[in-house]
Amino acid sequence: MNKITIMILISSILLGVDSHHINPNAPSGKTNKLDASDKKSKDSNKDKEKSFQNSIKDMKKISGLFTMYFDENKNTAYIEVKPEQLKEVYLCNMTRQSGDGMMFDSGSMLDEFPFYFNKVGQRIQLINKNISFRSDNDMPGKRAVEQSFSNSVFSSSKIIGEPHSETGAYLINLKELFIKDFNDVGYVTGERKMKYSFDKDNSYFNELKSFPFNTEIDIMLHFKNSKPNDLYTLPDTKSMFHRYHFSLSQVPDSDYSPRFADDRVGHFLTIFQDYSDVLEETAYKRYINRWNLKKADPSKELSEPVQPIVFWLENTIPEKFRPAMKEGALLWNKAFERIGIKNAIIVKQMPDDADWDPADVRYNTIRWIITPGGGYAVGPSRANPYTGELYDADIRVSSDYVRWYGKEFEEWITPLSSLDEINYKSSDHRCNYEQGKMEQMAFGWSVLSSRGLVNEKDKEQFIHDGLVDLIAHEVGHTLGLRHNFKASSIYSLFDLKNKVFTEKNGVTGSVMDYNPVNLSPKGEPQGSWYHTT
């Protein structure tokens, strides 16, 4: 290279000229700077990669209240939130579909809360809305309440790519919203000295569905433990799956009118503090929880309802117990007829090939679950948190409720305390009727058998009547009624020995009492064993 070439190179560097056009020895096709067209092309490709359509490419679209996109091979799911859905209030209901069968049962209603989506920068938050404190009279009052109390973040996710080019909808990762230990399994098991930690890598989406008024999200959460323990319901005690179901739904829109509670009537309540009028004696407002049952023809003394309450018997219930469960639920029609409503409750059988999920918020169910050694039954229901209108109920009966012999022996002869140590979350709807009823059934049958007064046919009737009593009690809870522990004092012991009397009036004043088995002293007349009316 001569001196002239060297000087030209130095000049080109100082002047910012591309040396490739000067140096004939430069490798072909290499440049130190992209020209404008190349840069524009690269930016365009990046925009395409971040576009809404490209983000959901090859994913299954599930349309509904919230549209979802699912790639089963990658265990990836997105949910679409439209601009008009931001700040809009919806309801979230959570159900545990299955657990380990010991510490965590199946079909258990968990939390329910109103929520809304909130956009902050490049994140979408799922906000648990605080409606325990309200004001409805004017903007200053509402503003004061909003500034005084906090909402809570249930979960959040970073926005994926760019908004939809036409609708402006945002795409967020469903995994970041729901695949987490929201039910505090790690804490509960830690309290029991058998700590299970959440395993996100082995957790996944089980099923995703969406409908015009609700979106259903079914997930499998995996929990792991490094130490073996005594949970015999697991094939390997170091690994445990839970199945949870989320129902995201619109707030029920109906002509329902809230009804204020009266202390003389035992209803479950929707309670909040109202600061609309600070001159009132108390800020607390209490609405009773009830179904929106109304006559189809108000002019008639006895009329069908506009919309009956429909219960479905889950297809897991053994066929021989289905009649008793149906009978127990339909008993309530006698009560509704006395206020002019005919066929207020209808019971249907869930088909074996049903394509719907019992956890779907649109179905009220009576379910059969298996919890070895832990026989029980519960009847919770869900209410609109703004008005107290009931709209969903799922009664659960454990198979071991019927299998009382082993329970009786273990409870009194070789006591086990493992179930009593479970740290249950406190609940206003907690019902222990089935525990006493199970013991009463065992005790009653043992007494009758020892007296030689019953046979195998009587045994079937004994279980049938016990289930009718139990289901009627739990259905009462789903209708919004609390316990009535005074009712058992209404009849004399003489009346309870009269079978004609007990078949007509029952053995107590209310099916919502904790009613023991009705046993007469030896050699005296025997009334009905249970409250079946």
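Residues numbered from 1 in each chain as written. Predicted model: local features only at pLDDT ≥ 70, side-chain atom pairs only at ≥ 80, totals over all residues. Heavy atoms only, no water.

I'd like a description of the overall build of the chain, backed by residues and values.
Helix and strand counts for the chain stand at 13 helices and 20 strands. In the chain, which comprises 533 residues, the proportion classed as buried is 46%. A total of about 28800 Å² of accessible surface is found on the chain, and carbon and sulfur atoms cover 51% of it. (Helix = DSSP H or I, 4+ residues; strand = E, 2+ residues; numbered from the N terminus. Buried < 20%, exposed > 50% of the residue type's maximum accessible area, 1.4 Å probe, protein only. Areas by Shrake-Rupley, 256 points an atom, 1.4 Å probe, with all protein chains shown as cover.)

Any chance you could break down the nonpolar core for me, citing the residues and the numbers?
What tends to happen in soluble globular proteins is that the nonpolar side chains get buried as a cluster. Grouped together as the largest cluster of nonpolar side chains are 45 residues, with contacts concentrated most on Phe117, Leu174, Phe178, Ile219 and Phe246. Those residues in contact with Phe178, other than ones at most four positions away along the chain, are Leu126, Phe154, Ile217, Ile219, Leu221, Phe246 and Leu248. In this structure, Ile309, Phe311, Phe321 and Leu331 belong to the second largest nonpolar core, which totals 36 residues. (Core = buried A, V, L, I, M, F, W, Y, C linked by side-chain atoms within 4.5 Å. Contact = heavy atoms within 4.5 Å.)

Quick rundown of the sheet that holds strand β1 (residues 60-62)? Include the residues and the values.
Taken in spatial order, the four strands make up an open sheet running β1-β2-β3-β9, and their pairing is antiparallel. The sheet is open, and its two edges are formed by β1 and β9 (170-173), each paired on a single side. Strand-to-strand twist across the sheet, computed as the mean angle between neighbouring axes with direction ignored, equals 25 degrees. Bridge count for β1 against strand β2 (residues 68-71) is three bridges, and the pairing is antiparallel. What sits directly across from Lys61, in β2, is Tyr69. (Pairing = 2+ DSSP bridges. Axes fitted to C-alpha atoms, helices over the stretch in contact; angles between N-to-C directions.)

Tell me what's going on with the sheet that holds strand β13 (residues 269-274), and back it up with residues and numbers.
The three strands are arranged β7-β13-β14 in an open sheet whose pairing can be described as mixed. Looking along the sheet, the strands with just one partner apiece sit at the ends: β7 (133-134) and β14 (284-288). With two bridges connecting them, β7 and β13 associate as parallel partners. The residue bridging Arg134 from the neighbouring strand is Asp274, located in β13.

I'd like to hear about the confidence of the model for the chain, residue by residue, with values.
Predicted confidence across the chain gives a mean pLDDT of 83, with 81% of residues reaching 70 or more. Within the chain, strand β16 (residues 345-349) carries the highest mean pLDDT (98), whereas helix α9 (residues 404-412) carries the lowest (46). Counted against residues more than four places away or in other chains, residues 17-31, with its pLDDT under 50, gives eight contacts. (pLDDT = per-residue confidence, 0-100.)

How would you summarise the environment of Ile271 if you had to cite specific residues and measurements?
By the element assignment, Ile271 lies in strand β13. According to the relative accessible area criterion, Ile271 is partly exposed, its value standing at 44%. On a C-alpha basis, the gap between Ile271 and Ile131 in space is 9.7 Å, while along the polypeptide they are 140 residues apart. Contact partners of Ile271, with chain neighbours within four places excluded, come to Tyr284, Lys285 and Arg286.

Quick rundown of the environment of Val265? Include the residues and the values.
The topology assignment puts Val265 in the loop between β12 (239-250) and β13. Val265 sits in the partly exposed class, given a relative accessible area of 44%. The spatial distance from the C-alpha of Val265 to the C-alpha of Leu481 is 8.5 Å, given a sequence separation of 216 residues.

I'd love a proper account of the pairing of strand β6 (residues 123-128), names of residues and values included.
Across six bridges, the pairing between strand β5 (residues 108-120) and β6 is antiparallel. Each residue of the ladder has a partner; that of Phe117, found in β6, is Leu126. Between β5 and the antiparallel strand that follows it, β6, lie two residues; Gly121 among them carries a positive phi value of about 60 degrees. Taken together, the six bridges between β6 and strand β8 (residues 152-158) define a ladder with antiparallel strand orientation. Paired with Asn128 across the bridge in β8 is Ser152.

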